[in-house]
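Given next are the chains, with one letter for each unit.
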Amino acid sequence: MLFFVLMSCSGALGEQQQGAPVASTVLDAIVVTTDRISEYAEDNPHMVVILGQKEIQQRNMLSAEEALGTMAGVEVKRSSGVGSRISVRGSGKSGGVLVLLNGRPLNSSQYGGVDLASIPIDTIDSITVFKPPVPVWLGPGGSDGAICIVTRDTAPKGKDDKKQAATRMRTTVGSYGSFEENVSHSAKLDSGSAMASATGKHRDGKRANSDSDSGNLLLHWEDELAGKQKLAVDGRYYGSESGSPGPLDNATPDARQTYEKASLDSRLTGVVGASGDYAVNLYGDSIHLEDQSQSGFVSTLDDNKVGLKGVYNWSDAADQWAVRTSTILENDALEHTLSGNHDRITAGLGVQADRKWQAVTVTSGIRGDQVTDFGLNPDLSGGMSYALAERWSLKANIGQSVNIPTFGQLYQPSHGSIDQSRGNPDLDKEKILSTDAGMEYRWDKSRFFQLTLFRADTQDPILYQRGADLIYRPVNGDRAWRHGLEANWKYGFESGMTMDADVIVQDSEVEETGNELTYTPRLKVKLSLLYTLKAPGTRLETSAQYNDKQYSEMENLEEQRLDDYVTVDFKAIQPFKIKSTDVEWFLTVENLFDTGYQIHFGYPDDGVRFVSGFNFRF
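Remember, predicted model here, so these are calculated numbers, not experimental data.

**Observations regarding the overall build of the chain**
Next up, step 1: On a plain count of helices and strands, the chain comes out with five helices and 35 strands.
Next up, step 2: Taking all 618 residues of the chain together, 54% fall into the buried category.
Next up, step 3: Just so you have it, the chain exposes about 25,400 Å², and 59% of that area is on carbon and sulfur atoms.

**Some points on the side chain of E440**
Next up, step 1: The topology assignment puts E440 in strand β21 (residues 430–444).
Next up, step 2: Within the structure, the side chain of E440 is placed 3.2 Å from the side chain of R442, a separation counted as a polar contact.
Next up, step 3: Here the side chain of E440 touches Q450 through a polar contact of 2.6 Å, side chain to side chain.
Next up, step 4: Those residues in contact with E440, other than ones at most four positions away along the chain, are M47, R391, W392, S393, K395, F449 and Q450.

**Considerations on the side chain of S87**
Next up, step 1: With respect to the element layout, S87 can be found in strand β3 (residues 84–88).
Next up, step 2: According to the relative accessible area criterion, S87 is buried, its value standing at 11%.
Next up, step 3: With near-sequence residues (within four places) excluded, S87 lies in contact with G73, V74 and E75.

**Remarks on the sheet that holds strand β4 (residues 98–101)**
Next up, step 1: Judged by pairing direction, the sheet is mixed, and its five strands sit side by side in the order β1-β6-β7-β4-β5 without closing on themselves. The outermost strands of the open sheet, each flanked by one partner alone, are β1 (48–52) and β5 (104–105).
Next up, step 2: With five bridges connecting them, β1 and strand β6 (residues 124–130) associate as antiparallel partners. Among the inter-strand pairings, G52 is bridged to a residue of β6, identified as S126.

**Side note on the nonpolar core**
Next up, step 1: I86, L116 and I127 are the most contacted members of the largest nonpolar core, which has 26 residues in total.
Next up, step 2: Within the residue set of this core, elements represented by two or more residues are β1, α4 (64–69), β3, β4, β6 and β7 (146–151).
Next up, step 3: Those residues in contact with I86, other than ones at most four positions away along the chain, are L68, V74, E75, V76, K93, V97, V99, V114, L116 and I147.
Next up, step 4: Counting residues in each nonpolar core, the second largest holds nine residues, with L100, W137, L138 and C148 among its members.

**Focus on the pairing of strand β24 (residues 472–476)**
Every regular strand shows the same layout, with side chains that alternate between the two sheet faces.
Next up, step 1: Sheet analysis places strand β23 (residues 462–466) next to β24, joined by five bridges and oriented antiparallel. In the strand pairing of β24, R466 is matched with Y472.
Next up, step 2: Taking the residues between adjacent antiparallel strands as the criterion, β23 and β24 are bridged by five residues, where L470 takes a positive phi near 65 degrees.

**Some thoughts on unusual backbone geometry**
Next up, step 1: Of the consecutive residues P132 and P133, the connecting peptide bond is found in the cis state with omega at 0 degrees.
Next up, step 2: Within the secondary structure, P133 sits in the loop between β6 and β7.
Next up, step 3: Positive phi is not limited to glycine here, since Y519 has a value of about 50 degrees.
Next up, step 4: Mapping Y519 onto the fold places it in the loop between β26 (497–510) and β27 (523–532).
Next up, step 5: Although it is not a glycine, K579 sits at a positive phi angle of roughly 55 degrees.
Next up, step 6: Counting through the fold element by element, K579 comes out in the loop between β31 (565–578) and β32 (581–590).
Next up, step 7: You can call K579 exposed: its relative accessible area is 82%.

**Brief notes about a nonpolar patch on the surface**
Next up, step 1: The grouping of V280, L282, V306, L308, L329 and I345 at the surface amounts to a nonpolar patch, some 490 Å² of accessible area in total.
Next up, step 2: Those elements that provide at least two residues to the nonpolar patch are β14 (276–292) and β15 (298–315).
Next up, step 3: Topologically, V280 is positioned in strand β14.

**A closer look at the pattern of salt bridges**
Next up, step 1: On inspection of all chains with the given rule, the structure shows 37 salt bridges.
Next up, step 2: Note that K524 and E75 form a salt bridge whose closest N and O atoms lie 2.4 Å from each other. Highlighted residues: K524 in strand β27 and E75 in strand β2 (residues 74–78), separated in sequence by 449 residues. An identical accessibility class is assigned to K524 and E75; each is buried.

**Some points on the pairing of strand β13 (residues 256–272)**
Next up, step 1: The pairing of strand β12 (residues 229–243) with β13 spans 14 bridges and is antiparallel. Each residue of the ladder has a partner; that of S240, found in β13, is Y259.
Next up, step 2: Alignment of β13 against β14, held across 17 bridges, turns out to be antiparallel. Each residue of the ladder has a partner; that of E260, found in β14, is H288.
Next up, step 3: Count of turn residues in the β13/β14 antiparallel hairpin: three residues, of which G273 carries a positive phi of about 65 degrees.

**Looking at the environment of S193**
Next up, step 1: When you line up the elements, S193 lands in strand β10 (residues 193–203).
Next up, step 2: Between the C-alpha atoms of S193 and H220, which are 27 residues apart in sequence, the distance is 8.3 Å.

**Quick look at the environment of R89**
Next up, step 1: The topology assignment puts R89 in the loop between β3 and β4.
Next up, step 2: Measuring from C-alpha to C-alpha, the distance between R89 and I504 comes to 7.1 Å, with 415 residues separating the pair along the chain.
Next up, step 3: Excluding its chain neighbours within four sequence positions, the residues that come into contact with R89 are M47, G73, K131, P132, D436, T452, F454, R482, E486, I504 and Q506.

**Points about the packing of aromatic side chains**
Next up, step 1: In the structure shown here, the tally under the stated rule is nine aromatic pairs.
Next up, step 2: Ring geometry for W392 and Y441: centres 4.8 Å apart, planes at 55 degrees, overall tilted. In this pair, W392 is assigned in strand β20 (residues 392–403) and Y441 in strand β21, connecting sequence segments 49 residues apart.
Next up, step 3: Overall, Y441 belongs to the buried group, its relative accessible area being 15%.

**Here's the deal with the confidence of the model for the chain**
Next up, step 1: When pLDDT is averaged along the chain, the result is 87; 89% of the residues meet or exceed 70.
Next up, step 2: Contacts from residues 1–35, a stretch scored under 50 in pLDDT, to residues over four places away or in other chains number 50 contacts.
Next up, step 3: When the criterion is pLDDT under 50, residues 159–164 qualifies, and its contacts beyond four places in sequence or with other chains add up to six contacts.

Calculation rules
- Residues numbered from 1 in each chain as written.
- Predicted model: local features only at pLDDT ≥ 70, side-chain atom pairs only at ≥ 80, totals over all residues.
- Heavy atoms only, no water.
- Helix = DSSP H or I, 4+ residues; strand = E, 2+ residues; numbered from the N terminus.
- Buried < 20%, exposed > 50% of the residue type's maximum accessible area, 1.4 Å probe, protein only.
- Areas by Shrake-Rupley, 256 points an atom, 1.4 Å probe, with all protein chains shown as cover.
- Polar contact = N/O pair within 3.5 Å; in protein donor to acceptor, adjacent residues only side chain to side chain.
- Contact = heavy atoms within 4.5 Å.
- Pairing = 2+ DSSP bridges.
- Core = buried A, V, L, I, M, F, W, Y, C linked by side-chain atoms within 4.5 Å.
- Patch = residues over 30% accessible without salt bridge, like charges linked within 9 Å, V, L, I, M, F, W, Y side chains within 5 Å.
- Salt bridge = Lys/Arg side-chain N within 4 Å of Asp/Glu carboxyl O.
- Phe/Tyr/Trp six-rings, centres within 6.5 Å; stacked < 30°, edge-to-face > 60°.
- pLDDT = per-residue confidence, 0-100.

Structure (structure tokens):
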């Protein structure tokens, strides 16, 4: 079928399509990334949710992690060490979510989590979340979902536009000795525009040895080139020094961790003819991590990655056919005190074809990725959407993907502390078959209703055992499955009120044991209510979350069960002016009713806490 679609599309390239050209297919290189992601999200079968810059600013989201955590079907939990563990549509896996920043993958071969702390929230233009199965043209590694983060144009607007200032500052103080200072400045240059952003944070923490200090720096430059091309270059640095307290039953009051990451990205975009565009990303990361265990032993990890990714998109003048291709070549070299030296080279190619009729869109894609020690890994995706009526649509998708074990799973995680976990060099890759089917009603990008049935079947799932020595070790199971129903609704009323609700009801099983998959609660509920008082312009927000009981290890031991819990958060934002400067005062209270719960076994939540501060826009 795919071969037929591609051959038919190739033939269409040489034919003149009837009908007037659609203006939206003639893309300008300056906004090609944003346009392509938004276009695909609106017109194709996959279930997606989108968060835009306007909402990020209105709700005063303080980090990329917070922004993601507000989105329907997405949960973000800080890891006990480096990065964040992201769950899409109720999955409890520690990896499998592909995260792209302007098209380049942020995922590390070392960690299952993703480091989002180096992305300043005020640089983000949009976040698009693809629920699984994920379209193959986005790249490898998205067996449990994909997240596309697009940064905004950094050039300050003209004097007539008062909505965006050239300089932004934020000062925040809060519970447990927390303090944060952020400043960013953008300017037009003789050649292009530039932006600089810097952030510093400190937190004492509630538990002993849970203090942390961190900071990041971003330098960005972009310019329009001849031939409708655009070049952007980013340099990012993030560093942290923190305690690793360990779980309550295996506390490590003297364990420490130091983490440094430097990244350099360049991106060239342009148009080809009247209906094609391309993007080329050249990127590199250098990570240095130092772990001091409770015994005083110090281990170091150095991880250096360099990659090249290219994407080409084409659509015909009648907007009936579209072809999307992507290639990637990446080398990840790791040197670790405990596990030695390891290299991983990934080379891949993906092709996807989309065909649109008046009420039907069909998409089909295939990709293959050659990975060191794991051979050729094929991914397939296909889907169909049918427009029942204006704004109503039915959608169905199927996809096959592969999840390659990380270096951390194979050798040594080095997240948090070496006192808590070990690797397993005999791990095999996971093979996942994902399906979903549902209906959608969409008023616009940010207002929608979705009802979706989903299922994922995994062969050789990677599971975690906790031994008598209280150390976690990964092993392969035989087969596992997870299926359920997701309902999400988001709508804004003329009164100034916005409601957002997401409910996931699911079941899961590891077939050889009959136990539930770890970190996979049967019921997850997330509700948010936002309201703006018209006269003073005060913006209020409250949110509530419920998570059913879940387990942190494959044996489902009752003594290590995470009990169900409900949490409530509150937020208030008051805008005002000091002469010509736009100012906002904000207050955020998390876990308002001081609920006692754990997101990892042995790691209790800090309870009720607050942050408050001011935003300044000059």
